[in-house]
Amino acid sequence: EPEVTQTPSHQVTQMGQEVILRCVPISNHLYFYWYRQILGQKVEFLVSFYNNEISEKSEIFDDQFSVERPDGSNFTLKIRSTKLEDSAMYFCASIDGGPGEQYFGPGTRLTVT
Amino acid sequence: RKEVEQDPGPFNVPEGATVAFNCTYSNSASQSFFWYRQDCRKEPKLLMSVYSSGNEDGRFTAQLNRASQYISLLIRDSKLSDSATYLCVVRGGSNYKLTFGKGTLLTVNP
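Procedures and definitions
Residues numbered from 1 in each chain as written. Chains lettered and ligands numbered in written order. Predicted model: local features only at pLDDT ≥ 70, side-chain atom pairs only at ≥ 80, totals over all residues. Heavy atoms only, no water. Helix = DSSP H or I, 4+ residues; strand = E, 2+ residues; numbered from the N terminus. Rg over C-alpha atoms; globule rule 2.2 N^0.38 Å. Buried < 20%, exposed > 50% of the residue type's maximum accessible area, 1.4 Å probe, protein only. Areas by Shrake-Rupley, 256 points an atom, 1.4 Å probe, with all protein chains shown as cover. Lys, Arg positive; Asp, Glu negative; His and termini not counted. Charge placed at Lys NZ, Arg CZ, Asp CG, Glu CD. Contact = heavy atoms within 4.5 Å. Buried area = accessible area lost by both parts, 1.4 Å probe. Salt bridge = Lys/Arg side-chain N within 4 Å of Asp/Glu carboxyl O. Polar contact = N/O pair within 3.5 Å; in protein donor to acceptor, adjacent residues only side chain to side chain. Nonpolar A, V, L, I, M, F, W, Y, C, P; charged D, E, K, R; others polar. Pairing = 2+ DSSP bridges. Axes fitted to C-alpha atoms, helices over the stretch in contact; angles between N-to-C directions. Core = buried A, V, L, I, M, F, W, Y, C linked by side-chain atoms within 4.5 Å. Disulfide = S-S within 2.5 Å.

Novice: What is the right way to look at the overall build of chain B in this model?
Specialist: On a plain count of helices and strands, chain B comes out with zero helices and 11 strands. Listing every helix and strand of chain B by position from the N terminus yields β-β-β-β-β-β-β-β-β-β-β. The C-alpha radius of gyration of chain B comes to 13 Å, within 12% of the 13 Å expected for a compact globule of 110 residues. When the 110 residues of chain B are sorted by exposure, 46% land in the buried category. Summed over its atoms, the accessible surface of chain B is roughly 5400 Å², and 49% of this surface lies on carbon and sulfur atoms. The distance from the centre of the 13 positive side-chain charges to the centre of the 10 negative ones in chain B is 6 Å.

Novice: How do you make sense of the interface of chain B and chain A when you look at a structure like this?
Specialist: Interface extent is often summarised as the accessible area lost during association of the parts. Counting residues at the interface gives 16 residues for chain B and 26 residues for chain A. Taken over both partners, the interface formed by chain B and chain A buries close to 1800 Å², and the fraction arising from carbon and sulfur atoms is 53%. The largest share of the area that chain B buries against chain A comes from B:R41, B:N95 and B:Y96, three residues that together contribute 33% of it. On the surface where chain B and chain A come into contact, there are one salt bridge. Applying the counting rule to chain B against chain A returns eight residue pairs in polar contact (both at pLDDT 80 or more). No other element matches the three residues that strand 10 (residues 97–100) of chain B contributes to the side of chain B that touches chain A. In terms of residue class, the side of chain B that touches chain A is built from six nonpolar, four polar and six charged.

Novice: I keep staring at the sheet that holds strand 8 (residues 75–79) of chain A and nothing clicks. Help me out?
Specialist: Adjacent strands of a sheet pair through backbone hydrogen bonds, lying either parallel or antiparallel. Residues and elements named next belong to chain A. As summarised here, the arrangement of the four strands in space is 1-3-8-7, forming an open sheet in which the pairing is antiparallel. Pairing within the sheet leaves two strands with one partner each, and these edge strands are strand 1 (5–7) and strand 7 (65–68). Taking the axes of each pair of neighbouring strands and ignoring which way they run, one obtains an average angle of 20° across the sheet.

Novice: Would you explain the pattern of salt bridges in this entry?
Specialist: Opposite charge on two side chains makes pairing possible when the charged atoms of those side chains draw close. Residues and elements named next belong to chain B. With the rule as written, the count across this model stands at six salt bridges over all chains. With its nearest N and O atoms 3.6 Å apart, the salt bridge here joins R76 to E56. Taken as a pair, R76 in the loop between strand 8 (70–75) and strand 9 (84–92) and E56 in strand 6 (residues 55–57) lie far apart in primary sequence, 20 residues in all.

Novice: So what exactly am I meant to see when it comes to unusual backbone geometry here?
Specialist: One can expect most non-glycine residues to show negative phi and most peptide bonds to be in trans. Along the chain, A:T7 connects to A:P8 via a cis peptide bond; the corresponding omega equals -10°. The residue A:P8 is located in the loop between strand 1 and strand 2 (10–13) in this model. Here the bond from B:G9 into B:P10 is cis, since omega is -5°, no more than 30 degrees from zero. Tracing the sequence through the fold places B:P10 in the loop between strand 1 (4–6) and strand 2 (11–14). The phi dihedral of A:N51 is positive, around 55°, even though this residue is not glycine. In this fold, A:N51 is placed in the loop between strand 5 (43–50) and strand 6 (53–57). Exposure remark for A:N51: the relative accessible area of 60% places this residue in the exposed category. Although it is not a glycine, B:D77 adopts a positive phi angle of roughly 45°.

Novice: Explain the nonpolar core here, please?
Specialist: Side chains of a nonpolar character, in soluble globular proteins, are inclined to be buried together. Formed by 23 residues in total, the largest nonpolar core has its most connected members in B:F21, B:W35, B:I71, B:L73, B:I75, B:Y86 and B:L106. When neighbours within four sequence positions are excluded, B:I71 is seen to be in contact with B:F21, B:N22, B:C23, B:Y25, B:F33, B:W35, B:V50, B:Q63, B:L64, B:C88 and B:V90. Of all hydrophobic cores here, the second largest spans 22 residues; its members include A:F49, A:L77, A:C92 and A:V112.

Novice: What is the right way to read the state of the cysteines from this model?
Specialist: Throughout this description, disulfide means a covalent bond between two cysteine sulfur atoms. All names here are of chain A. Enumeration according to the criterion identifies two disulfides over all chains in this entry. Bridging C23 to C92, the disulfide has an S-S length of 1.9 Å. Disulfide C23 to C92: torsion about the S-S bond roughly -65°, handedness left-handed. Of the two residues, C23 is situated in strand 3 (residues 19–24) and C92 in strand 9 (residues 88–95); the sequence distance between them amounts to 69 residues. Since its relative accessible area comes to 1%, C23 is described here as buried.

Pasting the structure below:
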């Protein structure tokens, strides 16, 4: 069964450092997403990406965040200057061209110290 | 008002019990509705979609009432493997983004 993959599984970084979280969505999918889940809280939408551009972003997705699809397979989330409150699980997801099931990757646990 | 609100739980039930989860959503323009399950520190996984006519998948039954903006999930004959957090999820907009409830933790005890 096709799956979304994410690397690394766990990233520890110091406050103020830049991090890049990587995702490989399912190959024929067209819509890509990043969500985050702070420990003990709900899963929150960050951003959606379609046709090589951001199609929607939440209030959380401020200027410190950016996304890219640098080649035909990877989808990255960059946090320019991490804060303690960025510590969370970050999930990548993708869907095909229609309103089908959104497939989630296993997540990257980001710890900012 | 929270966008998606669920019973806070947690629920602790014995094996074989029937357990019900309730959820309300605030955006009447929401288009699609789902129950996901999430195991500890894992990604959400789709359990089932929810339709206005109600739908069943084995031991799981989901109901949607658009008029009252209410979604439910019933698990019959619960198993130890049903222990997880159950997430009520709605989808809307042209970008198909998902809005999650906080989830209700279920523990099924032997």
